[in-house]
Amino acid sequence: MMFCKRCEMKNKKNKPNRVRSVTIFAVVEALIIILFVGLIAANLFFTNGTANRRTRQIVEDSYERLIKNLTNDIKNVFSAGVSLMNNETVNRLKTYYYDKIQHDSYARNAAINDTMDALLSITSYYDILDSCALWIAPEGELSYKTLYTFVGDDTRKQMLDAEIASHRYFPTYDGNLKNNGQRILISLSLSKQDNAVLVMM
């Protein structure tokens, strides 16, 4: 009997210790899980932030490269336009188109064909170039003639004609550029006295 009472007392003493050990273990385990979840959440947050910053930087770099390439393309088109305006065939066309003294139709037609070839060549070569118009009016003539490339609709033709009509000679590259909505127009002549205007869209 005495022995049984001692056993009961011993069991009663051990139970709180076991319960306490199990409780502490559960609390520690819960804290570890919370800490682990917190670390994962923090890692995701910082990783997403870094990824977003990296993505933003990639987009910005890509945009800057695109703008730089486009600017270079426009400058190249401008240089090609200046070369075309200095072309011997264009100069011949200025001389021959309304030449009423010699009536040299062969020379006129040859100059027109050569100039059209040059216009088509420049328009085909540059991907960003949509169409061109070259207006020629020799001095002393009230009439004029415009040569077009790849103008399939009246809207383009009207835009090119309007740019020719409003053209003013500018000695600088920037002065010859005009942003018309989604299109950039380059209009140029060789001097204030030049009786030819090239417009490139």
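Conventions and cut-offs
- Residues numbered from 1 in each chain as written.
- Predicted model: local features only at pLDDT ≥ 70, side-chain atom pairs only at ≥ 80, totals over all residues.
- Heavy atoms only, no water.
- Helix = DSSP H or I, 4+ residues; strand = E, 2+ residues; numbered from the N terminus.
- Buried < 20%, exposed > 50% of the residue type's maximum accessible area, 1.4 Å probe, protein only.
- Areas by Shrake-Rupley, 256 points an atom, 1.4 Å probe, with all protein chains shown as cover.
- Pairing = 2+ DSSP bridges.
- Salt bridge = Lys/Arg side-chain N within 4 Å of Asp/Glu carboxyl O.
- Core = buried A, V, L, I, M, F, W, Y, C linked by side-chain atoms within 4.5 Å.
- Expected span 1.5 Å × (residues − 1).
- Arc of directions from axis to C-beta.
- Contact = heavy atoms within 4.5 Å.
- Phe/Tyr/Trp six-rings, centres within 6.5 Å; stacked < 30°, edge-to-face > 60°.

Right, let's talk about the overall build of the protein chain for a bit. In terms of regular secondary structure, the protein chain is built from four helices and five strands. Listing every helix and strand of the protein chain by position from the N terminus yields α-α-α-β-β-α-β-β-β. Out of the 201 residues in the protein chain, the part that is buried amounts to 27%. Working note: accessible area of the protein chain is about 14,400 Å², and carbon and sulfur atoms make up 58% of it.

What follows concerns the pairing of strand S4 (residues 183-188). Direction of pairing for strand S3 (residues 177-180) relative to S4: antiparallel, over a ladder of four bridges. Bridge assignment links Leu177 to a residue of S4, and that residue is Ile186. Where S4 meets strand S5 (residues 196-200), three bridges bridge the pair, whose relative direction is antiparallel. Bridge assignment links Ile186 to a residue of S5, and that residue is Met200.

To continue, consider the pattern of salt bridges. Per the counting criterion, the structure on display carries three salt bridges. A salt bridge links Asp130 to Arg156; the shortest N-O distance between them is 2.5 Å. Here the residue Asp130 occupies a position in the loop between helix H3 (105-125) and strand S1 (132-136), and Arg156 occupies one in helix H4 (residues 154-166), the gap between them amounting to 26 residues. Look at Asp130 and you get partly exposed, because its relative accessible area is 26%. Lys157 is paired through a salt bridge with Asp161; the nearest N and O atoms lie 3.8 Å apart. In this pair, Lys157 and Asp161 are both assigned in helix H4, four residues apart and thus about one turn of the helix distant.

All right, on to the pairing of S5 then. Most of S5 sits out of view: five of its five residues are buried. Covered by surrounding structure in S5 are Ala196, Leu198 and Met200 together with Val197 and Val199, the residues of both alternating faces.

Leu119, Ile122, Leu129, Leu134, Ile186, Leu198 and Met200 are the most contacted members of the largest nonpolar core, which has 25 residues in total. Those elements that provide at least two residues to this core are helix H1 (2-85), helix H2 (88-96), H3, S1, S4 and S5. In this structure, Ala133, Met159, Leu160 and Met201 belong to the second largest nonpolar core, which totals eight residues.

Another aspect to go through is H4. Helix length check: H4 (13 residues) gives 18 Å between terminal C-alpha atoms against 18 Å at 1.5 Å per residue, within 8%. Buried residues of H4: Arg156, Met159, Leu160, Glu163 and Ile164, and no others. Seen along its axis, H4 keeps its buried residues to an arc of 135 degrees; they face one direction. Projecting away from the buried face of H4 at angles above 90 degrees are the exposed residues Asp154, Thr155, Gln158 and Ala165.

Here we take up the environment of Asp114. Examined against the element boundaries, Asp114 turns out to sit in helix H3. For Asp114, a relative accessible area of 33% puts it in the partly exposed group. Sequence separation between Asp114 and Val90 is 24 residues; the distance between their C-alpha atoms is 8.3 Å. With sequence-adjacent residues up to four places away left out, Asp114 is seen in contact with Thr89 and Arg92.

Tallied over the entire structure, the rule returns two aromatic pairs. Centre to centre, the rings of Phe78 and Tyr173 are 5.3 Å apart; their planes meet at 80 degrees, and the pair counts as edge-to-face. Linking Phe78 in helix H1 with Tyr173 in the loop between H4 and S3, this pair joins segments that are 95 residues apart in sequence. On the accessibility criterion, Phe78 (15% relative accessible area) is buried. Seen in terms of ring centroids, Tyr125 and Tyr126 are 4.9 Å apart; in terms of plane orientation they differ by 85 degrees. Their pairing is edge-to-face.

Treat this as a map of the structure, not an account of what it does.
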